Amino acid sequence: MVSTVELNRSRNDGPSLTMAFEVSMRGFITSSKKIFMVSRPWSFVMPAICTSFGFSLGYYMFRTFNPLFYVAVLLGTVLLNASVNVLNDYFDYVQEIDTRENTGYRLHPIIHGDMSERGTLNLGIALGVMGLSLAIYLTLYRPLALPLGLLGVLLLYMYNGPPFNLKHRALGEVLVFITYDLIVLGSYYVSTGMISSVGVLDGAPLALPIAGVLLVNNLRDIESDKRKGGKTLAILFPNFSRRLYLFSMLSPYVIIVILVMARLLPPTGLISVLTSLVVAKRSLKISRELPPDSPAETSQIFMLFGTLYVLSTLIGNWV
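Residues numbered from 1 in each chain as written. Predicted model: local features only at pLDDT ≥ 70, side-chain atom pairs only at ≥ 80, totals over all residues. Heavy atoms only, no water.

Bringing helix α10 (residues 238-261) into the picture now. For α10, spanning 24 residues, the distance from its first C-alpha to its last is 35 Å, which sits close to the expected 34 Å at 1.5 Å a residue. The largest bend along α10 measures about 40° and falls at Leu250, with the proline Pro252 one to four residues further on. Three or more residues of α10 are buried, namely Ser241, Tyr245, Leu246, Ser248, Met249, Ser251, Pro252, Tyr253, Ile256, Leu259 and Val260. Residues of α10 that are buried sit in contact with α7 (197-220), α9 (233-236), α11 (276-289) and α12 (294-315). (Helix = DSSP H or I, 4+ residues; strand = E, 2+ residues; numbered from the N terminus. Expected span 1.5 Å × (residues − 1). Bend = angle between axes of the 7 residues up to and from the residue. Buried < 20%, exposed > 50% of the residue type's maximum accessible area, 1.4 Å probe, protein only. Contact = heavy atoms within 4.5 Å.)

Moving on: empty space enclosed by the protein. Counted under the stated rule, the structure contains two cavities of 30 Å³ or more. Thr77, Leu80, Leu148, Gly149 and Ile183 are, among the 23 residues lining the largest cavity, the residues nearest its centre. Counting residues per element, the ones that place at least two in the lining of the largest cavity are α3 (67-94), α4 (117-139), α5 (145-160) and α6 (172-192). Each residue belonging to the lining of the largest cavity can be placed in one class, and the counts come to 14 nonpolar, nine polar and no charged. In terms of lining residues, the second largest cavity is bounded by Pro209, Met249, Pro252, Tyr253, Val279, Ile301 and Phe305. Of all the secondary-structure elements, those providing two or more residues to the lining of the second largest cavity are α10 and α12. When residues of the lining of the second largest cavity are assigned to their parent elements, the largest contribution, three residues, is made by α10. (1 Å grid on protein atoms, 1.4 Å probe; cavity = no way out; pocket = protein on both sides within 12 Å on 5 of 7 lines; lining within 4 Å. Points joined across faces, edges and corners; volume = space filled by probe spheres on them. Nonpolar A, V, L, I, M, F, W, Y, C, P; charged D, E, K, R; others polar.)

This part covers the nonpolar core. In this structure, Phe53, Tyr180, Leu206, Tyr245, Leu265 and Tyr309 are the most contacted members of the largest nonpolar core, which totals 57 residues. Apart from residues no more than four positions distant in its own chain, Tyr180 is found in contact with Met46, Pro47, Cys50, Asn81, Ala207 and Ile210. Core analysis: the next-biggest nonpolar cluster, separate from the first, contains ten residues, Val38, Leu79, Ala82 and Met115 among them. (Core = buried A, V, L, I, M, F, W, Y, C linked by side-chain atoms within 4.5 Å.)

End to end, α7 covers 35 Å across 24 residues, agreeing with the expected 34 Å (1.5 Å per residue, within 8%). In the structure, α7 departs most strongly from a straight axis at Ala204, where the bend amounts to approximately 45° and where the proline Pro205 lies between one and four residues downstream. Of the residues flanking the start of α7, the one acting as N-cap is Ser196, its side-chain oxygen 3.1 Å from the backbone nitrogen of Val198. (Polar contact = N/O pair within 3.5 Å; in protein donor to acceptor, adjacent residues only side chain to side chain.)

Turning our attention to the packing of helix α2 (residues 45-62) against α12. For any two helices packed against each other, the geometry comes down to the angle between their axes and how far apart the axes lie. Here α2 crosses α12 at 15°, and the two axes come no closer than 9 Å. With respect to their mutual orientation, α2 and α12 come out roughly parallel. In the crossing of α2 with α12, the sense of the turn from one axis to the other is left-handed. Side by side, α2 and α12 meet where Val45, Met46, Ile49, Ser52, Phe53, Ser56, Leu57 and Tyr60 of the first sit next to Ser299, Phe302, Met303, Gly306, Thr307, Tyr309, Val310, Thr313 and Leu314 of the second. Residues that form the contact of α2 with α12 fall into these classes: eleven nonpolar, six polar and no charged. (Axes fitted to C-alpha atoms, helices over the stretch in contact; angles between N-to-C directions. Parallel < 35°, antiparallel > 145°, perpendicular 65-115°, else oblique. Left-handed = near helix turned anticlockwise from the far one by under 90°.)

Time to look at a nonpolar patch on the surface. On the surface, a cluster of nonpolar side chains totalling about 490 Å² of accessible area is made up of Ile271, Leu274, Leu311, Ile315 and Val319. Inspection of the secondary structure assignment puts Val319 in the segment after α12. (Patch = residues over 30% accessible without salt bridge, like charges linked within 9 Å, V, L, I, M, F, W, Y side chains within 5 Å. Areas by Shrake-Rupley, 256 points an atom, 1.4 Å probe, with all protein chains shown as cover. Salt bridge = Lys/Arg side-chain N within 4 Å of Asp/Glu carboxyl O.)

Scanning the model with the defined rule gives twelve aromatic pairs in all. On the basis of an interplanar angle of 40° and a centroid distance of 6.2 Å, the ring pair of Tyr59 and Trp318 is categorised as tilted. Remark: Trp318 occurs in the segment after α12 and Tyr59 occurs in helix α2; sequence separation between them is 259 residues. On the basis of relative accessibility, which here comes to 24%, the residue Tyr59 falls in the partly exposed class. Ring geometry for Tyr157 versus Phe164: centroids 6.2 Å apart, planes at 85°, classification edge-to-face. On the basis of relative accessibility, which here comes to 31%, the residue Tyr157 falls in the partly exposed class. Members of the aromatic cluster, connected to one another through ring pairs, are Phe53, Tyr253, Phe305 and Tyr309. (Phe/Tyr/Trp six-rings, centres within 6.5 Å; stacked < 30°, edge-to-face > 60°.)

Evaluation of the coordinates by the stated rule reveals three salt bridges. Between Arg40 and Asp89 there is a salt bridge whose closest N-O contact spans 2.7 Å. Residue Arg40 is located in the loop between α1 (4-38) and α2, and its partner Asp89 is located in helix α3; the two are separated by 49 residues in the primary sequence. Accessibility expressed as a relative area gives 0% for Asp89, which makes it buried. Here Asp221 makes a salt bridge to Arg220, at a shortest N to O gap of 2.9 Å. Asp221 sits in the buried class, given a relative accessible area of 16%.

Empty space within the second largest pocket amounts to approximately 220 Å³. Around the second largest pocket sit 15 residues that line it, and Ser83, Leu87, Gly124, Val153 and Tyr157 are the ones nearest its centre. Elements supplying a minimum of two residues to the lining of the second largest pocket: α3, α4 and α5. The class makeup of the residues in the lining of the second largest pocket is ten nonpolar, five polar and no charged.

Pasting the structure below:
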């Protein structure tokens, strides 16, 4: 028989266990939110659009699509993008580039006290390892998936990791262009099993405005970067950088016309050119005024253009 003492103890332990579980769940949810926010989720649209385009291009060329491959590449590129965002904060803090004065517009995990230096570094590494694990899985079906993933990790590290630190050697924009064009190429390869110049050429209209996001960010932050000893392209050549920003936002439309004429894109790809007037107007305003939210505005422009670029390629399969 169960004694009265045991019954009372069981009744008393029940609420305690429930409260402990609730506290644990709240802590888990709070930690998850912090991790999500410090990874800069608003930037995930860039690898998502590049991956989606690579697969839509593969479907247009060879009528092949594997949803499992798509999800694996999409999740992998987003994880690697999150990794570089977190590691960017870590390295810029360690190198005394980021301070409370120049990071007030966004959450910085170390400066704003949400994570320790070691915790930020470990998070960045963990996100990168998770992204690479998906590349390892894909290697079972596409042998070059892991080498392409490792190349992507190297490029991401070279952005501001020592001893490369290309971000502050006026090569950040070039590196970003290569990295996101590589995402399109890698996605096209996983989709079709083929490495082709088509993936590189057709990916350029997406990689250029993504590089433009970084360029306009550096144009806006010229003074603060100067005080910290930075040497970005915007600092060295400010007037040229403004013109280069416009080139990165407007040249994709010329490239798309050429690609359609060369039959490397479906004729429906010209649908994305419909955004050219809106993009030209907004880009000119941003390059002249450089408002505080110019990187966010440029990201919105890219999202509009990139989404239409993906959809117009998909539509080409049925027109």
